[in-house]
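Now for the letters of each chain:
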Amino acid sequence: MAATLRDVAKVAGVSFKTVSNVIHNHPHVAPETRARVLAAIEQLDYRANRSARSLRSGRTGAIGLAVPDLSLAYFAELAAEVISVADDHGVVVLIEQTGGDRERELEVLSGDRRQMTDGLLFSPLGLGNDDARLLQVDFPLVLLGERIFDGPVDHVTMENVDAARAATEHLIAGGRRRIAVIGAH
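Quick caveat: nothing in here was measured; it's all calculated off a predicted structure.

**Observations concerning the sheet that holds strand β3 (residues 120-122)**
- If you trace the 5 strands from one edge of the open sheet to the other, you get β2-β1-β3-β4-β5, paired in parallel fashion. Strand pairing shows two members of the sheet lacking a second neighbour, β2 (92-97) and β5 (154-156), which therefore form its edges. For this sheet, the mean angle separating the axes of adjacent strands, direction not counted, is 20°.
- With 3 bridges connecting them, strand β4 (residues 141-144) and β5 associate as parallel partners. Looking at the pairing, L144 lines up with V156 of β5.
- Contacts between helix α5 (residues 73-88) and the sheet are confined to β1 (62-67), β2, β3 and β4, with β1 contributing the most and set at about 170° to the helix.

**Some thoughts on a nonpolar patch on the surface**
- Together, L70, I83 and I95 line one region of the surface with nonpolar side chains, adding up to about 210 Å² of accessible area.
- Of note, I83 is situated in helix α5.
- What makes I83 partly exposed here is its relative accessible area of 40%.

**Section: the side chain of T117**
- On the secondary structure map, T117 appears in the loop between α6 (102-110) and β3.
- Setting aside residues up to four positions removed in sequence, T117 forms contacts with T60, A62, I63, G64 and L94.

**What about the environment of Q43?**
- When you line up the elements, Q43 lands in helix α3 (residues 31-44).
- For Q43 and V11, which are 32 residues apart along the polypeptide, the C-alpha to C-alpha distance reads 9.0 Å.

**Concerning the environment of L78**
- By the secondary structure assignment, L78 is in helix α5.
- The class for L78 is buried, based on a relative accessible area of 19%.
- Linking L78 and G64, residues 14 residues apart in sequence, is a C-alpha distance of 13 Å.

**Re the packing of helix α1 (residues 5-12) against helix α2 (residues 16-23)**
- Contact pair α1 / α2: the axes reach a minimum separation of 8 Å and the direction vectors enclose 105°. With respect to α2, the axis of α1 lies roughly perpendicular. Residue-level contacts link L5, R6, V8 and A9 of α1 to F16, V19 and I23 of α2.
- Class assignment of the residues belonging to the contact of α1 with α2 gives a composition of 6 nonpolar, no polar and 1 charged.

Rules used throughout
- Residues numbered from 1 in each chain as written.
- Predicted model: local features only at pLDDT ≥ 70, side-chain atom pairs only at ≥ 80, totals over all residues.
- Heavy atoms only, no water.
- Pairing = 2+ DSSP bridges.
- Helix = DSSP H or I, 4+ residues; strand = E, 2+ residues; numbered from the N terminus.
- Axes fitted to C-alpha atoms, helices over the stretch in contact; angles between N-to-C directions.
- Contact = heavy atoms within 4.5 Å.
- Patch = residues over 30% accessible without salt bridge, like charges linked within 9 Å, V, L, I, M, F, W, Y side chains within 5 Å.
- Areas by Shrake-Rupley, 256 points an atom, 1.4 Å probe, with all protein chains shown as cover.
- Salt bridge = Lys/Arg side-chain N within 4 Å of Asp/Glu carboxyl O.
- Buried < 20%, exposed > 50% of the residue type's maximum accessible area, 1.4 Å probe, protein only.
- Parallel < 35°, antiparallel > 145°, perpendicular 65-115°, else oblique.
- Nonpolar A, V, L, I, M, F, W, Y, C, P; charged D, E, K, R; others polar.

Given below as C-alpha cells:
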C-alpha cells in the first residue's frame with residue numbers, strides 16, 4: 001500500500017500539516033525539520049496522490065489536446081510544443097486523435113473523458129460554422145485552426161489569405177513565375 005502524508009508525519013515525528021508545508025515548500029519550516037521530513041519521504045517512497053489533490057482543488061492538473069491526426073507533421077509538432085509548455089507548468093497533456101470525424105469531435109466536447117482535464121485545445125475538422133453553438137461549454141476551450149470562425153470561444157489561427165499573399169509575393173519578387181500550391185485541404 002502506498003505511503004500517506006500521515007505515514008510520513010509519523011516516521012518524521014512531526015504533524016501532518018508540517019509534512020504538507022514541506023511538500024508545498026512553505027518557508028516557515030526549520031531546516032532540520034525539513035530535512036527529517038524529506039528523509040521520511042524518501043524512506044517511505046512517498047508519492048503525492050493526484051486523485052486526492054484533484055478532489056481537494058477541483059483541478060486535474062491535465063489539459064486535453066484533440067487533433068485530427070498525429071501522423072501529420074503539423075499536428076505532431078503542435079503536440080510536442082503543447083507538451084513541452086505544459087510540462088514547464090507542471091501540467092499533463094492528454095491527447096485525443098479524432099480522425100476529423102464529426103462524431104468523435106462531439107465526443108471530445110461532451111464525453112466522460114472530458115472530466116479528466118481542466119480544459120481543451122481543440123482542432124476540429126468535422127465540425128463547421130453551423131456547429132458553433134456546440135462550442136458553448138462549461139470548461140476552458142481554445143479552438144485551433146480555420147474550421148470554425150465565429151465561435152463563442154477563444155480561437156488561435158493563421159491569417160491564411162495574408163500568409164498565402166506574402167509567400168506568393170516573395171516568390172514573384174524572386175523571379176518565379178510558375179507557382180503552384182499542393183495540399184490535402
